[in-house]
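Remarks on the overall topology
In case you want the letters, here they are:
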2 protein chains.
Amino acid sequence: MCHVPQRAHRGATAGSPPNGRSAVLSSTMRAAQLAEDFPVVTAYSDALAAARLLAEHRLPGIVVTDESGKPFAVLPASQVVRFIVPKYVQEDPSLAGVLSESMADRAADKLGGKKVRDVLPDHLANVPWAHADDTIIEVAAVMARLRSPLIAVVKDNKLVGVITASRLLDAALNT
Amino acid sequence: MCHVPQRAHRGATAGSPPNGRSAVLSSTMRAAQLAEDFPVVTAYSDALAAARLLAEHRLPGIVVTDESGKPFAVLPASQVVRFIVPKYVQEDPSLAGVLSESMADRAADKLGGKKVRDVLPDHLANVPWAHADDTIIEVAAVMARLRSPLIAVVKDNKLVGVITASRLLDAALNT
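Since the structure is predicted, the reported quantities are computational estimates derived from the model, not experimental observations.

Here we take up the overall build of chain A. Along the backbone of chain A there are 8 helices and 6 strands. Ordered by position in the sequence, the α and β elements of chain A form the string α-β-α-β-β-α-α-α-α-β-α-β-β-α. Across the 175 residues of chain A, 57% fall into the buried class. A sequence separation of at least 24 residues applies to 63% of the contacts in chain A between residues at least 6 apart. For chain A, the exposed surface amounts to about 7100 Å²; the carbon and sulfur share of it is 49%.

This part covers the sheet that holds strand E6 (residues 158-164) of chain B. Residues and elements named next belong to chain B. Strand order in this open sheet of 3 strands is E4-E5-E6, and the pairing throughout is mixed. Edge positions in the sheet fall to strand E4 (130-131) and E6, since each of these pairs with one other strand and no more. As defined by bridge partners, strand E5 (residues 150-155) adjoins E6 across 6 bridges and the pair is classed as antiparallel. Pairing of lysine 155 across the sheet is with lysine 158, part of E6. Seen against the sheet, helix H6 (residues 136-146) touches E4, E5 and E6 and runs at an angle of roughly 140° to E5.

Each pocket or cavity is described by its volume, and for the largest pocket that value is around 520 Å³. Contributing to the lining of the largest pocket are 34 residues, with Pro60(A), Pro149(A), Pro60(B), Ser78(B) and Pro149(B) lying nearest its centre. Sorting the residues of the lining of the largest pocket by element identifies helix H3 (77-82) and helix H8 (165-173) of chain A together with helix H3 (77-82) and helix H7 (165-173) of chain B as the ones contributing at least two each. For the lining of the largest pocket, the per-class residue count stands at 16 nonpolar, 10 polar and 8 charged.

So, on to the side chain of Thr164(A). All names here are of chain A. Within the secondary structure layout, threonine 164 lies in strand E6 (residues 158-164). A polar contact is formed between the side chain of threonine 164 and the backbone nitrogen of arginine 167, at a distance of 3.1 Å. In contact with threonine 164, not counting residues within four places along its chain, are Phe38, Pro60, Met143, Pro149 and Leu150.

Now for helix H7 (residues 136-146) of chain A. Most of H7(A) is tucked away: 10 of the 11 residues are buried. Within H7(A), burial applies to Ile136(A), Ile137(A), Glu138(A), Val139(A), Ala140(A), Ala141(A), Val142(A), Met143(A), Ala144(A) and Leu146(A).

A word on the packing of H8(A) against helix H2 (residues 47-56) of chain B. Their axes nearest at 7 Å, the elements H8(A) and H2(B) cross at an angle of 120°. Classified by the angle their axes make, H8(A) and H2(B) are oblique. Our pair here, H8(A) against H2(B), has a crossing hand that is left-handed. Along the contact surface, H8(A) presents Ser166(A), Leu169(A), Asp170(A) and Leu173(A), while H2(B) presents Leu48(B), Ala51(B), Arg52(B), Leu54(B), Ala55(B) and Glu56(B). Taken together, the residues that form the contact of H8(A) with H2(B) break down as 6 nonpolar, 1 polar and 3 charged.

Parameters at a glance
- Residues numbered from 1 in each chain as written.
- Chains lettered and ligands numbered in written order.
- Predicted model: local features only at pLDDT ≥ 70, side-chain atom pairs only at ≥ 80, totals over all residues.
- Heavy atoms only, no water.
- Helix = DSSP H or I, 4+ residues; strand = E, 2+ residues; numbered from the N terminus.
- Buried < 20%, exposed > 50% of the residue type's maximum accessible area, 1.4 Å probe, protein only.
- Contact = heavy atoms within 4.5 Å.
- Areas by Shrake-Rupley, 256 points an atom, 1.4 Å probe, with all protein chains shown as cover.
- Pairing = 2+ DSSP bridges.
- Axes fitted to C-alpha atoms, helices over the stretch in contact; angles between N-to-C directions.
- 1 Å grid on protein atoms, 1.4 Å probe; cavity = no way out; pocket = protein on both sides within 12 Å on 5 of 7 lines; lining within 4 Å.
- Points joined across faces, edges and corners; volume = space filled by probe spheres on them.
- Nonpolar A, V, L, I, M, F, W, Y, C, P; charged D, E, K, R; others polar.
- Polar contact = N/O pair within 3.5 Å; in protein donor to acceptor, adjacent residues only side chain to side chain.
- Parallel < 35°, antiparallel > 145°, perpendicular 65-115°, else oblique.
- Left-handed = near helix turned anticlockwise from the far one by under 90°.

Structural data, given as structure tokens:
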């Protein structure tokens, strides 16, 4: 299952109030209004394929669903990066400089042999999703607590989209 | 100081090898080749203005420099979200549903009164930056260890750009 992201591309300062004090947060806005189409993967997808989706769409993270299509985790791009670095280099980054090219190649191959569930950070598994009619403040509260770059939005047990942290800020500060 | 980000927009599967096993990681690629222009703020910038940059450019995070223009921290969008949510809602997100609109407005105003240094997460202050001639593996190792959505790249004590996690994955998996 893969949805191509629809991103809003905005001008550098378009829509900004002239000063910070005039910004208001619309607590009546609902999660469904903020949700965007984003690629999703399942826990049993190939981890390297998930990394490619993150890379090609320049995503901060990706929603992971179970077999029924229900979101249950978030996989941040910064965590996938971890899996292309050999363990001994993670522990001592200074060793990266002396890594030979063939060793680096093997590191990338390692990711290909893994499933998404193998590379999920513990604190972002079983992440609560937002309901379509949750308020923007409810979504923000969950996102902030989990330090997640995105939150899935569900309606009638079906994934309706994803809200990124920057999308949420955009909605909160430009209403 | 503000640089508008230059993003590469790629097709859904363009450039992907047909299977995961063929991916190689180019350890000879250097940080300067990966660095992109991104907005930066200083520790003394208004936090609300920083939030607007994140929102308008849909960034996963923003580099924070000291007064000399040297990067010293990374501010992730998911952490800025925390500052538009009242503290008691952060602790119990179920309270967000009963938050009145005027209370939410005051939450946004609170962010406007803060400096960037006030909203920096501890673990992303004093973040090491990458040198322009660091290898992609060195950058990945630092990014993974810090769980940072991006890393600043410095040459001759000057910020030359920023590498996001998804940009790094893109370079690592599509060479």
